[in-house]
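The lines below spell out each chain.
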Amino acid sequence: MALKASPIWVCPRTPCSDLWSRNSGSAFNLRFDLEKSRKWECCCLAVLAQRAITSVEDEKPNVSGVEPSWGIERTQGNESGGFHKDLNLLPKPLSANDLSSCSKDGSKVRVAYQGLPGAYSEAAALKAYPKCETVPCDQFEEAFKAVELWLVDKAVLPIENSVGGSIHRNYDLLLRHRLNIVGEVQLQVNHCLLGLPGVRKEEIKNVLSHPQALAQCDIMLSKLGVVRINTDDTAGAAQMVASTGLRDTGAVASARAAEIYGLDVLAEKIQDDDDNITRFLVLAREHIIPRN
Ligand SMILES: O=C(O)C(=O)Cc1ccccc1
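Counting starts from 1 at the beginning of each chain's written sequence and moves along it residue by residue. In keeping with the predicted nature of the model, local features appear solely for residues at pLDDT of at least 70, side-chain atom pairs appear and are counted solely at 80 or more, and the whole-chain, interface and lining totals rest on all residues.

Now for the overall build of the chain. The way it works is that DSSP assigns letters per residue, a run of H or I at least four long becomes a helix, a run of E at least two long becomes a strand, and they are numbered from the N terminus. Along the chain, the regular secondary structure elements total 9 helices and 14 strands. Burial analysis of the chain (292 residues in total) assigns 35% to the buried set. Within the chain, contacts between residues separated by at least 24 positions form 70% of all contacts whose residues are at least 6 apart in sequence. Counting other C-beta atoms within 10 Å of each residue's C-beta, where C-beta atoms are placed from the backbone, gives the exposure class: buried for 20 or more, exposed for 12 or fewer, partly exposed between. Residues are treated as contacting if the C-beta atoms built from their backbones sit within 7 Å of each other.

Here you go:
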């Protein structure tokens, strides 16, 4: 059974669905984003133009002075007239430092993710861009669309887990959309059993969570003999426990979700495998162009 999180926003971050709703604030958002996208395009063009100028200026005429010799310098005093490559002009490999928290126009990067505040995907977004504005979306599909429509700069998508393996549905999404993979984040996932304040874990009869999270905590949940109920994301499960006020219902989610939704952590690190790592992809409209 898939439950849907009720739309109670505890955290003041902008939910993705709000970005294209018809209220006046969102219309402003959209105008603002279009304006930003224009600025961004101008900025990109300026960068490309600058690169073109730099490349031309860097060009040293070869012997005939006709053909360009970009990236290649004549060796001084080399009688045979051989050439060597200037290694500084070769593209440098990309590194995690290439994930800047600022977009090209200097504004904060906005990163869409599926779920509510406190979801692991949000943690992944913040790991990739520590100062970013995270934008929660109901579904992955919406996170993709938010990038395609220039409402946000990036999206994060869980793609595989060290225990559960590939998340096939998300590979399908990558094929259906034309976004580029511009980075990856690996997140150590420590699941907690959450419940209403004052509840003991023995009182829990039902546990809500994302199917991956429930599967990763199979041993603990079997020991407790609870009924498992699927939700869209782990933070949504925590929010549901908090909003329904059911004392016999718990959630598998992060310690941060417990904090956000005012729940108690009844048990920590309840995943079967201690080394539970999820790999997330960072997606964007633009390609990464290795810098020179
Ligand atoms: O539901 C979440 O919090 C997610 O981000 C998806 C997920 C679920 C379980 C492990 C890692 C990511």
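One rule of thumb: low pLDDT means the predicted coordinates there are not for detailed reading. In this model, the chain carries an average pLDDT of 77, and 65% of its residues clear a pLDDT of 70 or more. Counting contacts from residues 1–13, a segment whose pLDDT is below 50, to residues more than four positions away or on other chains yields 30 contacts. Every residue gets a pLDDT, meaning the predictor's confidence in that residue, from 0 to 100. Confidence drops under pLDDT 50 across residues 20–81; counting only partners more than four residues distant or on other chains, this segment forms 38 contacts. Interface confidence for the predicted complex, given as ipTM, is 0.96, next to a pTM of 0.70.

Quick look at the site of the ligand now. We call a residue near a molecule or strand if the C-beta atom, set from the backbone, is within 6 Å of it. In the region of the ligand, 13 residues are neighbours, and Ala 119, Tyr 120, Ser 121, Asp 233 and Thr 234 sit closest. For the shell around the ligand, the elements supplying multiple residues, two or more each, are helix H3 (120–128), helix H6 (211–216) and helix H8 (234–244). Of the residues assigned to the shell around the ligand, the class counts are 6 nonpolar, 6 polar and 1 charged. All the domain ranges listed were derived from an automatic or database domain assignment. In terms of domain composition, the shell around the ligand takes at least three residues from each of domain 1 (14–39 + 99–179) and domain 2 (192–270). All residues other than Ala, Val, Leu, Ile, Met, Phe, Trp, Tyr, Cys, Pro, Asp, Glu, Lys and Arg, Gly among them, are scored as polar; the first ten of these are nonpolar and the last four charged.

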